[in-house]
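Inside the fold
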Amino acid sequence: MVKNPLSFVLSNLLLYGAAHALVDAICASVLTSLALFGGVGPGRAFLFYLFYNFLAFAMQAPMGILLDRARCPRAAARAGIVMQAAALAVPRSLPEAAILLAGLGNALFHLGGGVVALNLTPGRATAPGIFVAPGAVGLFLGVRLGSMSPLTPAVRLTLASAALLLGTLAAFLSLPANYPRSREPQKDEYLPLSPAFFRVVGLIFFSIAVRSFIGLSLTFPWKNDGFLPAFFLAAAAGGGKALGGFLSDRLGFARVSVGALLLSIPLFQLGGSSMIFGLAGCLCFQMTMAVTLLAYVMAYPNREAWAFGLACLALFAGSLPLLLPLPLPVVLNAPAARAAMTLASVVCLWRGFAVLFAETPGRAAR
């Protein structure tokens with residue numbers, strides 16, 4: 001396997017990581033500004049949030065199938081960036097068009113950038129962990145920007161110009177050396193898949209969905225004490241994704257993921273009254289992001305976009321109970337319930353890895 005030079009890996013991660021933060025910031029600011037200052041009312045604003053999340057997360061799975069056939073991740077990422085700039089140019093009288101462009105553009109960028117990151121250091125979690133990490137900070141800053149006031153023409157122009165600049169710079173970066181320009185079917189791709197294979201996919205899907213639900217429903221009283229506590233929480237989430245990928249490559253995927261999730265349980269219990277413990281819990285809780293993504297890549301060799309999209313579909317599935325206007329049992333917010341759900345996620349993730357490496361060695365090999 002051809003190894004990409006370190007300078008090439010770092011330049012790609014720097015550019016795509018910055019673009020990830022900006023893309024998520026644009027999406028969050030557009031959506032938040034429309035919901036708060038667009039005069040749409042709470043009912044329509046709820047539909048906007050649901051529509052956006054469906055486009056940005058659930059649609060990544062079917063779009064990933066197409067991208068794996070087209071083999072053009074850089075073009076997909078650039079198209080997603082251009083669509084963000086276009087969303088900023090849409091007048092407030094056409095909010096649905098802005099959300100359509102922002103949601104689909106977000107999905108395209110994440111798929112394209114994610115495939116590039118996965119192929120920078122194949123089989124390793126550090127690069128995809130660094131790629132996904134800046135998104136948490138971008139979302140936070142975008143929500144803050146969109147909640148302060150309607151996006152002025154100057155703000156829109158600044159964000160759009162920055163997006164187009166990053167998209168232009170990305171055009172000068174080549175694809176990773178090992179990324180195949182055409183997708184050759186794997187020799188076992190059309191053989192009947194064993195129940196063990198589907199068990200791997202289902203277990204990891206459930207683990208991601210449960211963590212998505214917990215992460216979105218978790219609240220800390222100190223988070224509302226100003227800008228810095230909320231910013232530190234977003235930075236801890238992003239830092240956990242990057243650190244988890246780095247440590248997993250060195251200490252083992254299952255060991256780091258299981259240990260980090262177990263450690264997050266007592267930290268979250270103490271995090272309600274202590275910002276330090278809450279931040280540490282959030283950092284540990286997010287350390288499995290790159291690992292679960294890479295597990296799907298191992299299960300679906302040469303179909304990284306589909307694997308990335310499947311992981312994002314699990315995120316959407318976990319968030320759906322909170323997005324829909326349905327009453328949820330109060331007990332789900334209890335610390336004991338969160339601890340039980342985290343333990344369930346741990347068991348599913350650990351078992352999923354065990355089955356992946358033990359019973360599907362041909363697919364786990366890259």
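Above this text you will find the structure in question.
Residues numbered from 1 in each chain as written. Predicted model: local features only at pLDDT ≥ 70, side-chain atom pairs only at ≥ 80, totals over all residues. Heavy atoms only, no water.

**Side note on the overall build of the protein chain**
Keep this limit in mind: Runs of H or I in DSSP of at least four residues are treated as helices and runs of E of at least two as strands, each being numbered from the N terminus. Note that the radius of gyration is over C-alpha atoms, with the globule rule given as 2.2 Å times the number of residues to the power 0.38. Whether a residue is buried, partly exposed or exposed follows from its accessible area with a 1.4 Å probe, protein chains only, as a fraction of its type maximum: under 20%, in between, or over 50%, in that order.
Each helix and strand counted, the protein chain has 16 helices and 0 strands in total. In terms of overall dimensions, the protein chain is globule-like: its C-alpha atoms have a radius of gyration of 20 Å, near the 21 Å expected for 366 residues. With respect to the principal axes defined by its C-alpha atoms, the protein chain has extents near 55 × 50 × 35 Å. Within the protein chain, the proportion of its 366 residues that are buried is 54%.

**Re the packing of aromatic side chains**
So the rule is basically this: Note on aromatic pairs: the rings of Phe, Tyr and Trp (six-membered ring only in Trp) are paired at centre separations within 6.5 Å, and the planes decide the class, stacked below 30 degrees, edge-to-face beyond 60, tilted for the rest.
Taken as a whole, this structure holds 13 aromatic pairs when the rule is applied. A ring pair is formed by Phe-54 and Phe-316, whose centres lie 6.1 Å apart and whose planes are at 70 degrees; its orientation type is edge-to-face. Residue Phe-54 is located in helix 2 (residues 41-58), and its partner Phe-316 is located in helix 14 (residues 304-323); the two are separated by 262 residues in the primary sequence. We classify Phe-316 as buried; its relative accessible area is 9%. Ring geometry for Tyr-300 and Trp-306: centres 5.9 Å apart, planes at 85 degrees, overall edge-to-face. Since its relative accessible area comes to 10%, Tyr-300 is described here as buried. Members of the aromatic cluster, each reached through a chain of ring pairs, are Phe-140, Phe-227, Phe-231 and Phe-232.

**As for the layout of surface pockets**
In plain terms, the rule: A cavity here means a set of 1 Å grid points, computed over protein atoms only, where a 1.4 Å probe fits but cannot escape. A pocket is an open set with protein on both sides within 12 Å along at least 5 of 7 lines, and lining residues have an atom within 4 Å of a point. Grid points are joined across faces, edges and corners, and a volume is the space filled by probe spheres set on the points. Nonpolar residues are Ala, Val, Leu, Ile, Met, Phe, Trp, Tyr, Cys and Pro. Charged residues are Asp, Glu, Lys and Arg, and all others, Gly as well, are polar.
Within this model, the largest pocket holds a volume of roughly 1700 Å³. Lining the largest pocket are 50 residues, with Phe-57, Ala-136, Leu-139, Gly-215 and Leu-216 positioned closest to its centre. Top element by residues in the lining of the largest pocket is helix 14. It accounts for 8 residues. Partitioning the lining of the largest pocket into residue classes produces 32 nonpolar, 13 polar and 5 charged.

**Quick notes on the environment of Leu-251**
The residue Leu-251 is located in helix 10 (residues 227-251) in this model. For Leu-251, a relative accessible area of 45% gives the class partly exposed. It is 45 Å that separates the C-alpha atoms of Leu-251 and Leu-36, two residues lying 215 residues apart in sequence.

**Some words on empty space enclosed by the protein**
Counted by the stated rule, this structure contains 2 cavities of 30 Å³ or more. Each pocket or cavity is described by its volume, and for the largest cavity that value is around 60 Å³. Contributing to the lining of the largest cavity are Ile-214, Ile-265, Phe-268, Gln-269, Pro-335, Arg-338, Ala-339 and Thr-342. It is helix 15 (residues 335-359) that contributes the most residues to the lining of the largest cavity, 4 residues altogether.

**Focus: the state of the cysteines**
Selection rule: Two cysteine sulfurs form a disulfide in these notes if their separation is within 2.5 Å.
By the definition in use, this model includes 0 disulfides. In this model Cys-282 remains outside any disulfide bridge; the closest cysteine sulfur is found in Cys-284, 9.4 Å from its own.

**Quick notes on unusual backbone geometry**
Of note, Arg-71 is a non-glycine position whose phi angle comes to about 55 degrees, a positive value. Looking at the secondary structure, you find Arg-71 in the loop between helix 3 (60-70) and helix 4 (73-89). The phi dihedral of Asn-302 falls on the positive side, at around 70 degrees, and the residue is not glycine.

**As for the environment of Gly-105**
Here Gly-105 shows up in helix 5 (residues 95-120). With a relative accessible area of 0%, Gly-105 lands in the buried category. Expressed as a C-alpha distance, the spacing of Gly-105 and Cys-27, which sit 78 residues apart in the sequence, is 9.1 Å.

**Let's talk about the nonpolar core**
Soluble, globular proteins show a tendency: their nonpolar side chains are buried together. To be explicit about the condition: Each nonpolar core is a collection of buried residues, namely Ala, Val, Leu, Ile, Met, Phe, Trp, Tyr and Cys, held together in the definition by side-chain atoms within 4.5 Å. Only heavy atoms matter for contacts: two residues are in contact if any of them lie within 4.5 Å across the pair.
Among the nonpolar cores identified, the biggest contains 101 residues, and Tyr-16, Phe-109, Tyr-296 and Phe-308 are the most heavily contacted of them. Here this core gets 14 residues from one element, more than from any other, and that element is helix 1 (residues 6-37). Dropping the residues within four chain positions of it, Phe-109 is found in contact with Tyr-16, Ala-19, His-20, Val-23, Ala-76, Ala-77, Gly-80, Ile-81, Gly-114 and Phe-131. One finds Val-256, Ala-260, Leu-267 and Cys-284 within the second-largest nonpolar core, a separate group that totals 5 residues.

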